[in-house]
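A look at the structure
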Amino acid sequence: MKDLYQVGAITQTHGIKGEVKVFPMTDDISRFKNMKDLILDTGKEQIKLDVVSARAQKNLVILKFKGYDDINQVEKYKGCGLFVTKDNRVKCDKDEYFIADLIDVTVVDEEERQLGKITDVITTGANDVYVVEDDHGREILFPAIKECILNVDLKNNIMKVHVMDGLLD
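Structural notes, computed from the coordinates. Owing to the predicted nature of the structure, the values given are computational and were not obtained by experimental measurement.

What counts and what doesn't
- Residues numbered from 1 in each chain as written.
- Predicted model: local features only at pLDDT ≥ 70, side-chain atom pairs only at ≥ 80, totals over all residues.
- Heavy atoms only, no water.
- Helix = DSSP H or I, 4+ residues; strand = E, 2+ residues; numbered from the N terminus.
- Rg over C-alpha atoms; globule rule 2.2 N^0.38 Å.
- Buried < 20%, exposed > 50% of the residue type's maximum accessible area, 1.4 Å probe, protein only.
- Contact = heavy atoms within 4.5 Å.
- Areas by Shrake-Rupley, 256 points an atom, 1.4 Å probe, with all protein chains shown as cover.
- Pairing = 2+ DSSP bridges.
- Axes fitted to C-alpha atoms, helices over the stretch in contact; angles between N-to-C directions.
- Polar contact = N/O pair within 3.5 Å; in protein donor to acceptor, adjacent residues only side chain to side chain.

1. Considering the overall build of the protein chain
- A count of helical and extended segments in the protein chain gives two helices and 13 strands.
- The C-alpha radius of gyration of the protein chain comes to 20 Å, more than 25% above the 15 Å expected for a compact globule of 169 residues.
- Seen through its C-alpha atoms, the protein chain measures out along the principal axes to roughly 60 × 30 × 25 Å.
- When each of the 169 residues of the protein chain is scored for burial, the buried share is 37%.
- Taking the contacts inside the protein chain whose residues are at least 6 apart along the sequence as the reference set, 49% of them involve residues at least 24 apart.
- Carbon and sulfur atoms make up 47% of the accessible area of the protein chain, which totals about 10,400 Å².

2. Some thoughts on the sheet that holds strand β5 (residues 51-57)
- Pairing is antiparallel across the open sheet formed by seven strands, whose spatial order is β4-β3-β7-β1-β2-β6-β5. Looking at the sheet topology across the chains shown, the edges are occupied by β4 (46-49) and β5. Averaged over neighbouring strand pairs, the angle between their axes works out to 35 degrees when direction is ignored.
- Sheet topology note: the strand β1 (residues 4-14)/strand β7 (residues 81-85) ladder contains five bridges and is antiparallel. Looking at β7, one finds that leucine 4 is bridged to threonine 85.

3. Focus: the environment of asparagine 157
- Checked against the element boundaries, asparagine 157 lands in the loop between β12 (149-153) and β13 (158-161).
- Linking asparagine 157 and lysine 117, residues 40 residues apart in sequence, is a C-alpha distance of 9.7 Å.
- Residue contacts for asparagine 157: discarding those within four places in its chain leaves Asp104, Val105 and Thr106.

4. Re the side chain of threonine 106
- Here threonine 106 shows up in strand β8 (residues 106-108).
- Residue threonine 106 is classed as buried on the basis of its relative accessible area, which comes to 12%.
- Reaching out from threonine 106, the side chain makes a polar contact with the side chain of lysine 117 at a distance of 3.3 Å.
- Apart from residues no more than four positions distant in its own chain, threonine 106 is found in contact with Gln114, Gly116, Lys117, Asn157, Ile158 and Met159.

So, in structure tokens, the structure goes:
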């Protein structure tokens, strides 16, 4: 399952015509519309699926897959995860990143001194916060704002930051 990214999980069936309710693990459920090469992981096998319809229902998405037209065909997939490959992920806007791509990125300050590695990303209402663990196991929290995050180079696995006053105290 390397290089697969979970975008949802099937919670239950919907109706008798093969539709399923999916708990989305993405911030934009419109991404499910006409999604190709969605991968269903049953735990025993991985099945490629094409989405033919998607619509929101409260906090869930109702999906219909090509070739699945009966409740009996999809009932066995309750609880299974839905994934996409790295190549099939949606493209991020400028200065947006997938959390999975940020984990283990080395964080350096403006003088290129290594501060640690990103171990987690906390999503808040205002902005994300990058949790950086130094060599001593101490956590430093960096707000994901332009004044603090100067450059992100995922090819070289490095993030350059400006250490704001009081951040390391």
